[in-house]
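# Close look at the chain arrangement
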Amino acid sequence: MALECPICKGARFVHPLLPSGRPDFTRVVPCRCNQGEPEEEHLLRLRQDSGDLGLKLLRDMSFENFDPKRVNLPLEQQRNLGDAYKLARRFAEEPDGWVVLQGPNGCGKTHLAAAIGNYQLRKGKPVFFKVVPDFLDHLRATFRPDSKVTSDELFERVRNAPLLILDDFGEQASTPWAQEKLYQLINYRYNERLPTVITTCLSLDEIELRISSRLIDYKMSTVFGITVPDYRGDHTATEMGKRQNQRVRRVR
């Protein structure tokens with residue numbers, strides 16, 4: 001078994017140092033252990049280190065297979081979804097600041113967030129994608145005696161990710177411990193100005209004030225509300241239409 005690099009702790013990337021000697025958390029460069037790695041191995045390792053983007057469903061979500069038109073929607077909702085798509089696409093090309101995607105379940109916000117992450121991975125850039133309730137579960141699990149990673153190691157990796165995507169923010173159990181951990185994470189990335197994408201079903205009024213006050217800072221965060229309904233209803237309507245047409249053909 002290969003030894004873990006003592007410099008990057010297995011992350012394969014490090015933050016370069018500023019003239020002051022402090023890490024520059026706005027950039028990452030390959031660690032010495034990562035230099036000269038073949039491109040195919042490099043991309044595979046990025047995928048393995050990307051968190052939940054390694055899951056097949058999320059891995060297959062891209063801008064190419066996202067439907068920003070959904071012709072069955074009213075024109076206003078088509079425009080809303082198209083604007084969300086354009087916003088995500090621009091951010092994917094040059095991650096800077098924060099993007100907060102709000103909307104009901106199934107409106108496409110997770111697809112757009114995953115598409116941002118997958119776009120960056122294809123460019124050879126590191127990304128960390130986490131469903132918030134799962135992240136908190138994993139963080140709790142680090143306190144078990146048999147855990148192979150400490151709580152500090154996991155939390156440090158997530159909060160310093162060059163690009164962090166937090167999906168389903170607000171779906172976690174609202175305990176004081178969970179609220180404090182999420183505040184620490186959001187506040188740290190806010191202070192360090194680290195690119196972040198957040199998806200949530202909640203309105204800003206429903207999010208803890210310490211966190212929502214950072215999400216609405218227009219100098220670094222764009223909050224976009226997706227107003228379209230669950231896209232899975234499109235598929236249901238399509239299947240119902242197919243079955244109806246088949247019945248009509250049989251009658252004829």
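Structural data are supplied above this passage.
Keep in mind that this is a model prediction, so the values were computed, not measured. (Residues numbered from 1 in each chain as written. Predicted model: local features only at pLDDT ≥ 70, side-chain atom pairs only at ≥ 80, totals over all residues. Heavy atoms only, no water.)

In terms of nonpolar packing, the biggest core is built from 32 residues, with Leu-53, Phe-63, Leu-112, Ile-116, Phe-129 and Ile-226 touching the most fellow members. Elements with a minimum of two residues in this core: α3 (75-93), β3 (98-102), α4 (109-122) and β4 (128-131). Apart from the residues within four sequence positions on either side, Leu-53 is in contact with Arg-47, Leu-58, Arg-59, Ala-114, Gly-117, Asn-118, Leu-121, Val-127 and Phe-129. (Core = buried A, V, L, I, M, F, W, Y, C linked by side-chain atoms within 4.5 Å. Buried < 20%, exposed > 50% of the residue type's maximum accessible area, 1.4 Å probe, protein only. Helix = DSSP H or I, 4+ residues; strand = E, 2+ residues; numbered from the N terminus. Contact = heavy atoms within 4.5 Å.)

Topologically, Met-61 is positioned in the loop between α2 (56-59) and α3. Residue Met-61 is classed as buried on the basis of its relative accessible area, which comes to 13%. Between the alpha carbons of Met-61 and Ala-113 there is a distance of 8.9 Å; along the sequence they are 52 residues apart. Excluding its chain neighbours within four sequence positions, the residues that come into contact with Met-61 are Thr-110, His-111, Ala-114, Ala-115 and Asn-118.

Moving on, we get to the sheet that holds strand β7 (residues 221-225). Within the open sheet, the five strands sit side by side as β4-β5-β6-β3-β7. Their pairing is parallel. Strand pairing shows two members of the sheet lacking a second neighbour, β4 and β7, which therefore form its edges. Between one strand axis and the next, the sheet turns by 10° as a mean value, whatever way the strands run. Where β3 lies against β7, five bridges are found, and the strand directions are parallel. Directly across from Gln-102, in β7, lies its bridge partner Gly-225. Across the sheet, helix α5 (residues 132-141) touches β4 and β5 (164-169), and the angle it forms with β4 is around 95°. (Pairing = 2+ DSSP bridges. Axes fitted to C-alpha atoms, helices over the stretch in contact; angles between N-to-C directions.)

Here we come to the pattern of salt bridges. Considering all chains together, one arrives at seven salt bridges under this definition. Glu-64 is paired through a salt bridge with Arg-122; the nearest N and O atoms lie 3.9 Å apart. Placement of the pair is Glu-64 in the loop between α2 and α3 and Arg-122 in helix α4, with a sequence separation of 58 residues. Residue classification places Glu-64 among the exposed positions, given a relative accessible area of 56%. With a closest N to O distance of 3.3 Å, Glu-180 and Arg-210 form a salt bridge. Of this pair, Glu-180 sits in helix α7 (residues 176-192) while Arg-210 sits in helix α8 (residues 209-215), and the two are 30 residues apart along the sequence. By relative accessible area, which is 30% here, Arg-210 ends up partly exposed. Taken together, the shared-partner salt bridges in this structure form one network comprising Glu-64, Arg-89 and Arg-122. (Salt bridge = Lys/Arg side-chain N within 4 Å of Asp/Glu carboxyl O.)

The next subject is α5. All of the buried residues along α5 are Val-132, Phe-135, Leu-136 and Leu-139. Seen along its axis, α5 keeps its buried residues to an arc of 95°; they face one direction. As for α5, its buried residues are in contact with β4, α6 (151-159), β5 and α7. (Arc of directions from axis to C-beta.)

Moving on: the packing of α5 against α7. Relative orientation of the contacting elements α5 and α7 amounts to 105°, with a least axis distance of 11 Å. One element, α5, and the other, α7, form an angle in the roughly perpendicular class. Counting all contacts with α5, which are made through Val-132, Phe-135, Leu-136, Leu-139 and Arg-140, the residues of α7 involved are Trp-177, Ala-178, Lys-181, Leu-182 and Leu-185. Of the residues in the contact of α5 with α7, the class split is eight nonpolar, no polar and two charged. (Parallel < 35°, antiparallel > 145°, perpendicular 65-115°, else oblique. Nonpolar A, V, L, I, M, F, W, Y, C, P; charged D, E, K, R; others polar.)

Mapped onto the elements of the fold, Asn-187 is located in helix α7. In this structure Asn-187 comes out as buried when scored by relative accessible area, which is 17%. A polar side-chain atom of Asn-187 sits 2.8 Å from a polar atom in the side chain of Arg-214. (Polar contact = N/O pair within 3.5 Å; in protein donor to acceptor, adjacent residues only side chain to side chain.)

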